[in-house]
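Chain by chain, the residues:
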Amino acid sequence: MYLPKQFVEPRIEELHRIVRENSLGMLLTNTAAGLEANHLPFLLDGDQQAGGILLAHVARANPVWREVANGDDVLVVFRGVHGYISPSWYPGKHETHRRVPTWNYEVVHAHGTIHVRDDEKFLRGVVARLTRQHESDQPQPWKMGDAPPDYLAEELSHIVGIEVCLTRLEGKRKLNQHHETRDREGAIRGLEERGNHGLAQAMKGTAK
């Protein structure tokens, strides 16, 4: 990933936040058929250290778990807030017209080694934790115990677990850090007027 120093995000707590808030990751593997991309919801299991583990599962019918060997290097990409930035939002544009469009974004590249976990105990744990995470804001959260045991066992037999043991995290937050204050503030106003409050808030936080 191209990483100009003004856009590097070195703080592990910020990298973990982006992963946890944007859990649909893109798993990239290098197989005999070439590069493959699979989009999976991941659970980050780890404390505020560079290490940690990403947990997920795939359909048993998905060939990815057969195409990799335990210990193969993989990359998982997590994209945070993002959006188009119009040069018209910069006050400086209206004075000199020396401004161009851009796209602001947050992204984390999680490098690690993949390990296939084809056992029911592991899968039950992963599904239970993913469910608790994503059902937490529901009025009546669904839990695995709501499903009949035989039905649940049948469903679990159709998936395979994977772990990605992390070796390195790279973070990039491209948020107009290199622009003058008035142009940054103009871009923030433009985003807020168009409802992209997440990206606007990220830009405000970076300005502090």
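Just so it is clear, the model here is predicted, and its values are computed rather than measured.

Undergrad: Please give an account of the sheet that holds strand β4 (residues 53-59) that cites residues and values.
TA: Judged by pairing direction, the sheet is antiparallel, and its seven strands sit side by side in the order β2-β1-β5-β6-β7-β4-β3 without closing on themselves. Looking at which strands have only one partner, the edges of the open sheet turn out to be β2 (34-41) and β3 (43-45). With direction set aside, neighbouring strand axes in the sheet form an average angle of 35 degrees. In terms of strand pairing, β3 meets β4 through three bridges, oriented antiparallel. Paired with leucine 43 across the strands is leucine 55, a residue of β4. This element, helix α4 (residues 120-135), spans β2, β3, β4, β6 (102-117) and β7 (159-174) of the sheet and lies at about 105 degrees to β4.

Undergrad: I'd love a proper account of the nonpolar core, names of residues and values included.
TA: Leu27, Phe42, Leu54, Val76, Phe78 and Val164 are the most contacted members of the largest nonpolar core, which totals 25 residues. Listed by contribution, the elements that provide at least two residues to this core are α1 (12-21), β4, α2 (64-67), β5 (73-85), β6 and β7. The leading source of residues in this core is β7, at five residues. The contact partners of valine 164, leaving out residues within four places of it in the chain, are Phe42, Gly52, Ile53, Leu54, Val74, Val76, Gly112, Thr113 and Ile114.

Undergrad: Any chance you could break down α1 for me, citing the residues and the numbers?
TA: Buried within α1 are the following residues: Ile12, Glu14, Leu15, His16, Ile18 and Val19. Next to the buried residues of α1 lie β3, β4, β5, β6 and β7.

Undergrad: Tell me about the environment of histidine 179, and please be specific about residues and values.
TA: Along the chain, the position of histidine 179 falls in the loop between β7 and α6 (181-193). Residues histidine 179 and asparagine 70, spaced 109 residues apart in sequence, show a C-alpha to C-alpha distance of 45 Å. Ignoring anything within four residues of it in the chain, the contact list for histidine 179 reads Tyr90 and Arg184.

Undergrad: Break down the pairing of β6 for me, with residues and values.
TA: Put simply, side chains in a regular strand alternate between the two faces of the sheet. Direction of pairing for β5 relative to β6: antiparallel, over a ladder of eleven bridges. Bridging from a neighbouring strand, phenylalanine 78 pairs with valine 108 of β6. Where β6 and β7 come together, 13 bridges link them in antiparallel fashion. From the neighbouring strand, histidine 115 faces β7, where its bridge partner is glutamate 163.

Undergrad: Tell me about the packing of aromatic side chains, residues and numbers included.
TA: Tallied over the entire structure, the rule returns two aromatic pairs. With 5.9 Å between their ring centres and 75 degrees between their planes, phenylalanine 42 and phenylalanine 78 make a pair best called edge-to-face. You can see phenylalanine 42 sitting in the loop between β2 and β3 and its partner phenylalanine 78 sitting in strand β5, a full 36 residues away along the chain. Judged by its relative accessible area of 0%, phenylalanine 78 is buried.

Undergrad: An account of the environment of leucine 166 is needed here, citing residue identities and associated values.
TA: Checked against the element boundaries, leucine 166 lands in strand β7. Spatially, the C-alpha atoms of leucine 166 and tryptophan 103 are 28 Å apart, while their sequence positions differ by 63 residues.

Undergrad: Describe the side chain of serine 86, listing the residues and the values that go with them.
TA: Relative to the helices and strands, serine 86 is located in the loop between β5 and α3 (93-96). Engagement of the side chain of serine 86 in a polar contact is seen with the backbone nitrogen of serine 88, the distance being 3.1 Å.

Undergrad: Talk me through the pattern of salt bridges; I want residue IDs and the actual numbers.
TA: Summed over all chains, the structure comprises 19 salt bridges. As a salt-bridge pair, arginine 173 and glutamate 106 come within 2.8 Å of each other at their nearest N and O atoms. You can see arginine 173 sitting in strand β7 and its partner glutamate 106 sitting in strand β6, a full 67 residues away along the chain. What makes glutamate 106 buried here is its relative accessible area of 2%. Across the pair aspartate 146 and lysine 143 runs a salt bridge, and its minimum N-O distance is 3.1 Å. Classification of aspartate 146 as partly exposed rests on a relative accessible area of 42%. Each of Glu9, Arg11, Glu14, Arg17, Glu21, Glu106 and Arg173 takes part in one network of salt bridges that share partners.

Definitions and limits used
Residues numbered from 1 in each chain as written. Predicted model: local features only at pLDDT ≥ 70, side-chain atom pairs only at ≥ 80, totals over all residues. Heavy atoms only, no water. Pairing = 2+ DSSP bridges. Helix = DSSP H or I, 4+ residues; strand = E, 2+ residues; numbered from the N terminus. Axes fitted to C-alpha atoms, helices over the stretch in contact; angles between N-to-C directions. Contact = heavy atoms within 4.5 Å. Core = buried A, V, L, I, M, F, W, Y, C linked by side-chain atoms within 4.5 Å. Buried < 20%, exposed > 50% of the residue type's maximum accessible area, 1.4 Å probe, protein only. Phe/Tyr/Trp six-rings, centres within 6.5 Å; stacked < 30°, edge-to-face > 60°. Polar contact = N/O pair within 3.5 Å; in protein donor to acceptor, adjacent residues only side chain to side chain. Salt bridge = Lys/Arg side-chain N within 4 Å of Asp/Glu carboxyl O.

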